[in-house]
Amino acid sequence: MANSASGFGVDDDCKLKFIELKAKRSFRYIIFKIADMQVVVEKLGQPEENYDDFAANLPADECRYAVYDFDFITNDNCQKSKIFFISWSPDTAKIRSKMVYASSKDRFRRELDGIQVELQATDPSEMSMDVIKGRVY
């Protein structure tokens, strides 16, 4: 369904793959892009992939949305995970692309029920592992 504000829809596969990530832990991460007036799945990260693999798959000069399932151990020595929503909008991306992704973000984010942490990053340092760890504790 198209968003009246931005005119973009969300492909059903986006929600289905997110549910698989959340419920079955089938993927470590999902990268989404806007193509042909809708948000679509661009890349699925396998469970054995790590955060460096994820970050390496974000284009240096194009905007993307992504979710990342981050595993960590609490101070009480409990294994936990949190699902991050990352809005990647690098400084080098085209202005129009940044505007399109910014105007569609909230609606797309609401389609993914179960996001626990949200980040917006314009360069890799804003989504470094230290930033990720700082948001879970």
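Fair warning: this is a prediction, and the values are worked out from it, not measured in the lab.

K.L.:
Can you help me understand the nonpolar core in this one?
P.N.:
The tendency in soluble globular proteins is for nonpolar side chains to be buried side by side. Ranked by internal contacts, the top residues of the largest apolar core, which has 21 residues, are Phe 32, Tyr 65, Val 67, Phe 108 and Leu 112. Contributions of two or more residues to this core are made by α1 (12–24), β2 (29–35), β4 (64–73), β5 (79–88) and α3 (95–111). Formed by 18 residues, the second largest nonpolar core is a distinct cluster that contains Tyr 29, Tyr 51, Ala 66 and Tyr 68.

K.L.:
Sorry if this is basic, but what is going on with the layout of surface pockets here?
P.N.:
The rolling of a water-molecule-sized probe over the atoms marks out the regions of remaining empty space. Counted as a void, the largest pocket has a volume near 220 Å³. Contributing to the lining of the largest pocket are 13 residues, with Glu 62, Cys 63, Arg 64, Ser 97 and Tyr 101 lying nearest its centre. Broken down by secondary-structure element, the contributors of at least two residues to the lining of the largest pocket are β2 and α3. For the lining of the largest pocket, a count of residues per class yields six nonpolar, two polar and five charged.

K.L.:
Any chance you could explain α3 here in plain terms?
P.N.:
Think of an α-helix as 3.6 residues a turn; residues three or four steps apart then line up on the same face. With 17 residues, α3 should cover 24 Å at 1.5 Å per step; its first-to-last C-alpha distance of 25 Å lies within 8% of that length. Along α3, the helix axis deviates most sharply at Lys 105, where the bend reaches about 45°. Taken residue by residue, α3 has Val 100, Tyr 101, Ser 104, Lys 105, Arg 107 and Phe 108 as its buried positions.

K.L.:
Please clarify how the packing of aromatic side chains should be interpreted in this entry.
P.N.:
Describing an aromatic ring pair means giving the distance of the ring centres and the angle of the ring planes. Tallied over the full model, the rule gives twelve aromatic pairs. Ring geometry for Tyr 29 versus Tyr 68: centroids 6.5 Å apart, planes at 15°, classification stacked. With a gap of 39 residues between them, Tyr 29 in strand β2 and Tyr 68 in strand β4 connect regions that are remote in the sequence. Residue Tyr 68 is classed as buried on the basis of its relative accessible area of 5%.

K.L.:
I tried to follow the pairing of β4 on my own but got confused; where do I start?
P.N.:
For a regular strand, side chains alternate in direction, first toward one face of the sheet and then toward the other. In terms of residue burial, β4 counts as a mostly covered element, since eight of its ten residues are buried. Bridge count between β2 and β4: four bridges; the pairing is antiparallel. Opposite Tyr 29, over in β4, you have Tyr 68 as the bridge partner.

K.L.:
Help me understand the sheet that holds strand β1 (residues 9–10) in this model?
P.N.:
Hydrogen bonds between backbone groups are what pair the strands of a sheet, and the pairing can be parallel or antiparallel. One open sheet accounts for six strands, arranged β1-β3-β2-β4-β5-β6; its pairing is mixed. The sheet is open, and its two edges are formed by β1 and β6 (117–121), each paired on a single side. Strand direction decides the pairing type here: β4 and β5, joined by ten bridges, are antiparallel. Among the inter-strand pairings, Arg 64 is bridged to a residue of β5, identified as Trp 88.

The rules behind the values
Residues numbered from 1 in each chain as written. Predicted model: local features only at pLDDT ≥ 70, side-chain atom pairs only at ≥ 80, totals over all residues. Heavy atoms only, no water. Core = buried A, V, L, I, M, F, W, Y, C linked by side-chain atoms within 4.5 Å. Buried < 20%, exposed > 50% of the residue type's maximum accessible area, 1.4 Å probe, protein only. Helix = DSSP H or I, 4+ residues; strand = E, 2+ residues; numbered from the N terminus. 1 Å grid on protein atoms, 1.4 Å probe; cavity = no way out; pocket = protein on both sides within 12 Å on 5 of 7 lines; lining within 4 Å. Points joined across faces, edges and corners; volume = space filled by probe spheres on them. Nonpolar A, V, L, I, M, F, W, Y, C, P; charged D, E, K, R; others polar. Expected span 1.5 Å × (residues − 1). Bend = angle between axes of the 7 residues up to and from the residue. Phe/Tyr/Trp six-rings, centres within 6.5 Å; stacked < 30°, edge-to-face > 60°. Pairing = 2+ DSSP bridges.

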